[in-house]
Amino acid sequence: MKTEKIIIKDITSGTTSNIDGLNLKIAIISSLDRTDNIILSFEGISALSSSFLNSSIGEIVDQYGFDILKDRIIITNYTSSIANNIKWYINNLRHTEYH
Amino acid sequence: MSQDKAKTIFVIDFNSIESHIKWIISNRVHNLDRRQFPSKLVKFDFQRCRNLKPYHIAPLACLIHEYQAKGYIVKLINSPDNIKAYLESFHFNQFCNKENINNFPAPTDPKTLPLWRIEKTATSVYPAQAQKYFENNHFNGKDLFALSLSLAELMNNVFDHSESKIPGYTFTQFNSSRNQIITCVCDFGIGIPYKVNHYLKQINKPTIDNLAALIKSFEISFSTLSRPHNRGFGWDNIFSNVKALKSKILIVSNNAMYWILDNGSEKTCLLKGNFPGTSVVIYLDSRNLPLKEEELTDELKIF
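Right, let's walk through the structure included here. (Residues numbered from 1 in each chain as written. Chains lettered and ligands numbered in written order. Predicted model: local features only at pLDDT ≥ 70, side-chain atom pairs only at ≥ 80, totals over all residues. Heavy atoms only, no water.)

1. Observations concerning the overall build of chain A
Thought 1: Assigned secondary structure in chain A consists of five helices and three strands.
Thought 2: Scanning chain A from its N terminus toward the C terminus, one meets helices and strands in the order β-α-α-β-α-α-β-α.
Thought 3: A compact globule built from 99 residues should have a C-alpha radius of gyration of about 13 Å, and chain A, at 13 Å, falls within 12% of that.
Thought 4: Each principal axis of the C-alpha atoms in chain A carries an extent, and together these give about 35 × 30 × 25 Å.
Thought 5: Relative to its 99 residues, chain A shows a buried fraction of 60%.
Thought 6: Taking the contacts inside chain A whose residues are at least 6 apart along the sequence as the reference set, 81% of them involve residues at least 24 apart.
Thought 7: When the accessible surface of chain A is split by element, carbon and sulfur atoms take 48% of a total near 4,300 Å².
Thought 8: Looking at charge distribution, chain A has the averaged site of its 9 positive side-chain charges lying 4 Å from that of its 11 negative ones. (Helix = DSSP H or I, 4+ residues; strand = E, 2+ residues; numbered from the N terminus. Rg over C-alpha atoms; globule rule 2.2 N^0.38 Å. Buried < 20%, exposed > 50% of the residue type's maximum accessible area, 1.4 Å probe, protein only. Contact = heavy atoms within 4.5 Å. Areas by Shrake-Rupley, 256 points an atom, 1.4 Å probe, with all protein chains shown as cover. Lys, Arg positive; Asp, Glu negative; His and termini not counted. Charge placed at Lys NZ, Arg CZ, Asp CG, Glu CD.)

2. As for the packing of aromatic side chains
Residues and elements named next belong to chain B.
Thought 1: If you walk through the whole model with that rule in mind, you get 24 aromatic pairs over all chains.
Thought 2: Centre to centre, the rings of Tyr86 and Phe90 are 5.2 Å apart; their planes meet at 75°, and the pair counts as edge-to-face.
Thought 3: Geometrically, the ring pair formed by Phe239 and Tyr258 is tilted, given 5.8 Å between the ring centres and 35° between the ring planes. With a gap of 19 residues between them, Phe239 in helix α9 (residues 234-244) and Tyr258 in strand β7 (residues 248-260) connect regions that are remote in the sequence. Note on accessibility: Phe239 and Tyr258 belong to one class, buried.
Thought 4: Following the ring pairs from residue to residue traces out a cluster consisting of Tyr86, Phe90, Phe92, Phe95, Tyr169 and Phe171.
Thought 5: Sitting over the face of the ring of Phe10, Arg48 holds its NZ or CZ atom 3.9 Å from the ring centroid.
Thought 6: A cation over a ring is seen here: Lys248 above Tyr283, with NZ or CZ 4.9 Å from the ring centre. (Phe/Tyr/Trp six-rings, centres within 6.5 Å; stacked < 30°, edge-to-face > 60°. Lys NZ or Arg CZ within 6 Å of the ring centre and 35° of its normal.)

3. Looking at the interface of chain B and chain A
Thought 1: Residue-level contacts link 32 residues of chain B with 45 residues of chain A.
Thought 2: Three residues stand out in chain B for area buried against chain A, namely Arg231, Ile302 and Phe303 of chain B, and they jointly supply 26% of the buried area on that side.
Thought 3: For Arg231 of chain B, the salt bridge is made with Asp62 of chain A, and the minimal N-O distance between the two is 2.6 Å.
Thought 4: For the pair chain B and chain A, the interface holds 18 residue pairs in polar contact (both at pLDDT 80 or more).
Thought 5: When contributions to the side of chain B that touches chain A are tallied by element, the ones reaching two or more residues are α5 (125-137), α6 (145-161), α9 and β9 (300-301) of chain B.
Thought 6: Examining the composition of the side of chain B that touches chain A, we find that seven residues originate from one element, α6 of chain B, more than from any other.
Thought 7: By residue class, the composition of the side of chain B that touches chain A is ten nonpolar, eleven polar and eleven charged. (Buried area = accessible area lost by both parts, 1.4 Å probe. Salt bridge = Lys/Arg side-chain N within 4 Å of Asp/Glu carboxyl O. Polar contact = N/O pair within 3.5 Å; in protein donor to acceptor, adjacent residues only side chain to side chain. Nonpolar A, V, L, I, M, F, W, Y, C, P; charged D, E, K, R; others polar.)

4. Thoughts on the pattern of salt bridges
Residues and elements named next belong to chain B.
Thought 1: Summed over all chains, the structure comprises 13 salt bridges over all chains.
Thought 2: Ionic pairing is found between Asp4 and Lys43, a salt bridge with its closest N-O pair at 2.9 Å. Here the residue Asp4 occupies a position in the segment before β1 (7-10), and Lys43 occupies one in strand β2 (residues 41-45), the gap between them amounting to 39 residues.
Thought 3: Overall, Asp4 belongs to the partly exposed group, its relative accessible area being 34%.
Thought 4: Of the residues examined, Lys43 reaches a relative accessible area of 11% and is grouped as buried.

5. What about helix α7 (residues 192-202) of chain B?
Residues and elements named next belong to chain B.
Thought 1: Those residues of α7 that sit buried are Ile192, Pro193, Lys195, Val196, Asn197, Tyr199 and Leu200.
Thought 2: Where α7 is buried, its residues meet α6, α8 (210-217), α9, β7 and β8 (266-285).
Thought 3: Count one or two residues on from α7 and you reach Asn204, which has phi positive near 60°.

Now the structure itself:
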């Protein structure tokens, strides 16, 4: 199994705007083509805005579905606030889907 | 009227939101009687001020920006010593001289962060800077992610939804005697209730009163879809943080007002005046800030 690590602070200047999120989305998509699993490192990051998450995780889910998060993406170097923020976001996404 | 035929605007540190709105509307550039005040100079007189707060400064900056955008020269006059020192502490004069607003020297009083013009290119910078600034100067070991996150959400809202002809402004200050970090984000755009009703009309739904429209904008996943990436999660992100820190938030937009108080209760009200855009004030209780968190290095599934 091939795994690639994306260190978010190395690919975007922040984690608050849509542009920042778009940079992450591009990095994830290009990594998904090359590798089986992706580790997202949130090293040095303390807050994520919904705009950032919309343009990164949200668009990845739109494009690939929730299974991609379950099967191929994990996180590391995270604070519990960051983990809670991402879980809160994914939960909101799931609740706004058709059942 | 002064001999130079310039308009003098008396700046007042209002406690009443209604009076503040009335003052803003009557002093906007398009309400200036140009026959009475033909000069391209406008004076802001501070003699009636005693204690300005971020929720006075950010709308004042929008007001001044409107004059500057129409070619007016802005002069600050009659500031009492304490107000003069306060304005100088974050280089407010430089803003009025139209100098590069987002490139000011560090404030002389570490309790204030310079006024910030909300520009698309700089949205990533300010929230993180504000967080670091207050963590380093006042809250060593504490985590201020709630401040940076709220600022990021609010600044993104200004871009995505306000449709303001001039940039919005934000200003943040720490009040040590009240243990509050007060931040205000203000724009002179179309306002949230107007925007919501405009969207409802577009999708052939009945319009609702302004208070209901403001509250509708807070619903999770409600979005006027100003931009394709909007999903309507931003307000929930802000409110969760404010509530977790037992803090307060005030939103005034058009004639609708919404409060979340530090006990978590909500208060709403229809105002007589119509705020020309949106002003959001967050009062973070600094006693409730969490400790800086350790980064966990294990690998975690997020779903």
